Amino acid sequence: MIWLLLFHLAASAALMAVGDRLGRWSFAVAGAPMSVSAAVALEATITRRRVVDTYQWVEGLDLTMAVRLDAFTSLLLLLVSGIGVLICVYAAGYFAAGTVGVGRFAATLLAFSTAMAGLVVADTAWTLFVFWELTSITSFLLVGHKRTDAGARIAARRALVITASGGLALLAGFVALLDVAPGARLSELESVSGGWATAAAVLILVAAATKSAQVPFHVWLPGAMAAPTPVSAYLHSATMVKAGVVLVAVASPALGETGVWTPLGVAFGATSMIWGAVGALRQVDAKLIMAWGTVSQLGLMIALLSIGSAKATFAAVAIVVAHALFKAALFMVVGEIDVRTGTRDINELHGLRRSMPVAFVVTVIASASMAGVPPLLGFPAKEAAVEAALGLQGGERAVMLAIIIGGSILTVAYTTRFVLGVFGPSTDHSAGHSTAVAPARPMMAAPSVVLALATLGGFAALGWVTGIVRGASVVLDSKAEVYSLLRWPGLTDAFLISVGIVLVGAVVGTALAARLTGPAPRTLGADGVDTAIDQVVVLARIVAARVQHGSLPGYVLTIVGTAALAASPFLWSFDLGPVYGWDNLGQGVLAVFVAAAAIAATRVRTRLGAALVLGAIGFAVTGLFVAHGAPDLVLTQLLVETVVVVGFVVGLGRLTTTFPRIGGLWLSSRLAVSALAAGATAVALVASSGRLGMSPPANSVTHRLTEEAVDEGGGKNIVNVVLTDVRALDTLGEVIVLVVVAVGILALTRTRPDEGPEFEPDAEPDLVQPESDVLVVST
Amino acid sequence: MIARRSPIVQLGVRAATTLALVFAVFAFFAGHNRPGGGFAAGLLLGAVLVLRTVAGLSQPLRPVPTLAAGGIIAAVVALLPMVWGDVALDQFEVETTLPLLGKVKSGTALLFDLGVTAIVVGLVVALLEGFGAEQLAGPQGRDE
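Residues numbered from 1 in each chain as written. Chains lettered and ligands numbered in written order. Predicted model: local features only at pLDDT ≥ 70, side-chain atom pairs only at ≥ 80, totals over all residues. Heavy atoms only, no water.

**Description of the overall build of chain A**
So the rule is basically this: The helix and strand labels rest on DSSP assignments: H or I over at least four residues marks a helix, E over at least two residues marks a strand, and numbering proceeds from the N terminus. Exposed residues in this analysis have more than 50% of their type's maximum accessible area, buried residues have under 20%, and partly exposed residues fall in between, with area computed by a 1.4 Å probe over protein chains only. Throughout, a contact is declared for two residues whenever any of their heavy atoms are within 4.5 Å. Each accessible area is a Shrake-Rupley estimate made with a 1.4 Å probe; only the visible protein chains count as cover when residues are assessed.
Per the secondary structure count, chain A includes 29 helices and two strands. Residues classed as buried in chain A amount to 49% of the 779 residues present. Put simply, 79% of the contacts in chain A that link residues at least 6 apart link residues at least 24 apart. With an accessible surface of roughly 35,000 Å², chain A has 68% of that area assigned to carbon and sulfur atoms.

**Topic: a nonpolar patch on the surface**
The test is simple: Residues enter patches when their relative accessible area tops 30% and they take part in no salt bridge; the joining distance is 9 Å for like charges and 5 Å for the nonpolar side chains Val, Leu, Ile, Met, Phe, Trp and Tyr. What counts as a salt bridge is simple: a side-chain nitrogen of Lys or Arg found within 4 Å of a carboxyl oxygen of Asp or Glu.
On the surface, Ile72, Val76, Leu80, Val83 and Trp84 of chain B cluster together into a nonpolar patch covering about 530 Å² of accessible area. Within the secondary structure, Leu80 of chain B sits in helix H4 (residues 63-83).

**A word on the pairing of strand S1 (residues 51-58) of chain A**
Side-chain positions along a regular strand alternate between the two faces of the sheet. Residue and element names in this part refer to chain A. The criterion, for reference: DSSP calls a pair of strands paired once it identifies at least 2 bridges connecting them.
Pairing geometry for S1 and strand S2 (residues 63-69), over seven bridges, is antiparallel. Residue Asp53 lies in a different strand from S2, and its bridge partner there is Val67. Here S1 hands over to S2 after four residues, with Gly60 in that stretch at a positive phi of 90 degrees.

**As for unusual backbone geometry**
Residue and element names in this part refer to chain A. Note the cis peptide between Val215 and Pro216, where omega equals 10 degrees. As for its position among the elements, Pro216 is in the loop between helix H7 (195-211) and helix H8 (220-223). For the bond from Pro374 to Pro375, the omega torsion is 5 degrees, close enough to zero to count as cis. If you check the backbone angles, Arg48 has positive phi at about 55 degrees while not being a glycine. Position of Arg48 relative to the elements: it lies in the loop between helix H2 (26-47) and S1.

**Topic: the interface of chain A and chain B**
Rules: Buried area: the accessible area, evaluated with a 1.4 Å probe, that two parts lose upon being put together, summed over both parts. Side-chain atoms alone can form a polar contact between residues adjacent in sequence; in general such a contact is a pair of N or O atoms within 3.5 Å, and within protein one must be able to donate a hydrogen while the other accepts it. Three classes are used: nonpolar for Ala, Val, Leu, Ile, Met, Phe, Trp, Tyr, Cys and Pro, charged for Asp, Glu, Lys and Arg, and polar for all others, with Gly counted as polar.
Listed as interface residues are 39 residues of chain A and, on the opposing side, 43 residues of chain B. Carbon and sulfur atoms supply 75% of the area that chain A and chain B bury against each other, a total of about 3,400 Å² over both sides. On the chain A side of the interface with chain B, the three residues burying the most area are Leu639, Val650 and Thr724 of chain A, jointly 16% of the side's total. In this structure, the connection of chain A to chain B is made through zero residue pairs in polar contact (both at pLDDT 80 or more). Those elements giving two or more residues to the side of chain A that touches chain B turn out to be helix H25 (631-652), helix H27 (701-713), helix H28 (718-726) and helix H29 (728-749) of chain A. For the side of chain A that touches chain B, a count of residues per class yields 20 nonpolar, eleven polar and eight charged.

**Considerations on the packing of aromatic side chains**
Residues and elements named next belong to chain A. Rules: Between rings of Phe, Tyr and Trp, where Trp is taken as its six-membered ring, a pair exists when centres lie within 6.5 Å; planes separated by under 30 degrees are stacked, by over 60 edge-to-face, and by other angles tilted. Two conditions define a charge sitting above a ring: the NZ of Lys or the CZ of Arg must be within 6 Å of the ring centre, and it must be within 35 degrees of the ring normal.
Inspection of every chain in the model, using the stated rule, returns 15 aromatic pairs over all chains. A network of ring pairs unites the aromatic residues Phe27, Tyr90, Tyr94, Phe95 and Phe105 as a single cluster. The positively charged end of Arg487 is found above the aromatic ring belonging to Phe459, 5.9 Å away from the centroid.

**Re helix H12 (residues 286-307) of chain A**
Residue and element names in this part refer to chain A. Test applied: For a helix, the expected span equals 1.5 Å multiplied by the number of residues minus one.
Helix length check: H12, at 22 residues, gives a terminal C-alpha distance of 32 Å against a target of 32 Å (1.5 Å per residue), a fit within 8%. Most of H12 is tucked away: 22 of the 22 residues are buried. Of the residues that open H12, the one with a side-chain oxygen 2.9 Å from the backbone nitrogen of Lys287 is Asp285. At the exit of H12 stands Gly308, carrying a positive phi of roughly 90 degrees.

**Section: the confidence of the model for chain A**
This is how the line gets drawn: Scored from 0 to 100, pLDDT reflects the predictor's confidence in each residue.
Looking at chain A as a whole, the pLDDT averages 86, with 92% of positions reaching at least 70. Here residues 755-779 of chain A is a poorly scored stretch, pLDDT under 50, and it has 27 contacts once near neighbours within four places are set aside; other chains count.

**Some words on the environment of Met332 of chain A**
Residues and elements named next belong to chain A. If you trace the backbone, Met332 turns up in helix H13 (residues 310-341). In the structure, Met332 is positioned 102 residues away from Pro230 in sequence and 7.2 Å away in space, judged by C-alpha atoms. Those residues in contact with Met332, other than ones at most four positions away along the chain, are Leu86, Ile87, Tyr90, Ala233, Pro447, Ser448 and Leu451.

**Details of the pattern of salt bridges**
Charged atoms that come close allow side chains of opposite charge to pair. Residues and elements named next belong to chain A. Summed over the entire model, instances satisfying the criterion amount to twelve salt bridges over all chains. Arg68 is the partner of Asp70 in a salt bridge, and the nearest nitrogen-oxygen pair spans 2.6 Å. The class of Arg68 is buried, set by a relative accessible area of 3%. When the shortest N-O distance is used, the salt bridge between Arg344 and Asp338 registers 3.2 Å. The exposure class of Asp338 is buried, given its relative accessible area of 18%.

Rendered as structure tokens:
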């Protein structure tokens, strides 16, 4: 299984490198790994094979990558990869020949598919988290694919901020969950309760809600429609937005018993189902209708899964399958209409029934499935949901029935309005017979036809579909074994309710189709999110301007002051007891010399004089090391002093010969910090030397170092053996720091003043939404 | 400019170069058993290279390739043992007898130290040239 993900990744990297040369053929390359995944998933679905594959990354830290293929995950993998293949075909038709950036698009799409495949098969919390974040990032890249389009960039940023915040909630939630259910595989989680479990339940539900665009986190999804339609059809209907649903399904066995899980999950689901459907009714852009509809449908899935009854879980899995098929098909049709007519506005579109017959038939099938009309896969799925709601007790039953009936009526209504608006006759008789259309694009039509056939075939082969859905549900809840999807349930309550839903919805939809012709309202809250993001950027600039003020003495003062404060804990262990004058007289003489030179250094007026005095101090300190008998320190100190001298030789010529005169507050704050630093250093030295005089204990590492330096490290110089062998990893880290410092120095010094900074904060107005007045912060 | 004004500097730096090179090589190899080592050798080499630039004796060393080479050497030595399943940075020692030098013992730690040296040289050069050593040598740089 892991090899499959690696194969995906390798193909994606290869496409990233050469994709642009392949043009639209890159979709063939992208489709290949997805086809393999789909085949593996199909085989596992049919044979009911269970595969677990693990790779231990860090032993002892429980950082293990584990993926599993069971009835549930293989079904999801089949949807992700199977629809992915169709999307690749579709995208090859969507992009015109010679479009720039097609290779990049295909590579990112494949990378997303990798992340999504990894997410659905993940079997440890960390595996799931990593792939979860990868879907956020790849989704960001795909939404912002048209990178010159300011609207797309803002939408991508909004989507990233919301879903990545959800990722943080997920991380916190997993930490809390693994605190009470430690180390368990996701498939073996056991029911937990208590404070941490409650916290985990809330955080994980919030994470799921951000990803699955649940109210109030849904605001990113309509904006994400700025992406090319293949992305909308793949990520924002069939796959990525289902990640939250998958998460709720996976975490449900562990957290379903916590008091908050069901109420919070149902609250997210119920508000989203209703508000999403209302939103869909108010839109005039066909793609936005579909996006809001997705919010609504995902709400139903989340609500059903968080109820926790086996029947509801079964219904949710059935809806996941049916929704993936019909919603992807509808998005594909909308994209085809967009490409062939140049508009997605249902007020401008009319009469496409004759000019786009294939799209019309596909739309009717997919819409009817979405509305829950037989003989299509959506019908038994929605029946199962109504049955599940009827099977509940008390308040849960009332709430679930209300949202399923209310939400479904609205769903039928917006579906009717969409179909009538696009394919029906014009409401405005002065306009032409039907909207003009460009020639057919078979590559775009074919995948949607396949999905429509699958929707039909799913109903025809309902027994087979039932088996798969049941198998998947049993993984989540073993009691789901007894349920079936029924082709003809008989005149049950649920059936009568379904008939009522379709009839009322159709009437409402037809009535509203004529009335709702005005422009659509802006997404409530979306501007707020953008404003908040912009404000954070403004705040960051203000803070950066204050902290990075550019005054070198200021920086030095800050650093020294902080170091002085850091030494303050030593005050508690301050003890003058073990302090003594010197080991030999030479040390005393040198110490006096160093002190005198240090005082002189503060008195000299010229820079050359200061450099000389500092050099004298350095060499006197070297002398101290000699007197103490530390040849390694002597050598290093000597060489450092040499380098400093060369530095002065080079640098002094560029400075004024005397120090500038300073006074007032600046001088006194410098003096204060210097005094503080001097005191702190003295305290720290005395405190740390308190341990002198004691010989190291017998089992101390000091002895082992002396003994093993020659045998293990191959050298007699312990200091160097420590550096290059015993603690070589530290040295490696340190030299990497040195490289980073060097790169930083080069970056700073190679920017000549006449070149000017490459980045000017004010020179990015295209990142600002035109109508927003927030980012006008020219300073 | 200093260079053209002062043949003393040029002569001094030339003499210092030889001395410094010999001492750097000595410090590098002696490091394992006596004071010295890659860090010390790097400091010395770096300082002398910058001095040569200041005196107009040679073109300035380009620090980036040096840094990159050092980083790659250190990282490869660190990670290579993992290829055959040992822990990272595991030492590998050779002992051989060379003419003139007699019995010589060395290990991969020496290679690792070489990486450290290169990085320190790169850092010192980057740091001091940041102060403008190149301009100091005059617009034509090398003026022998």
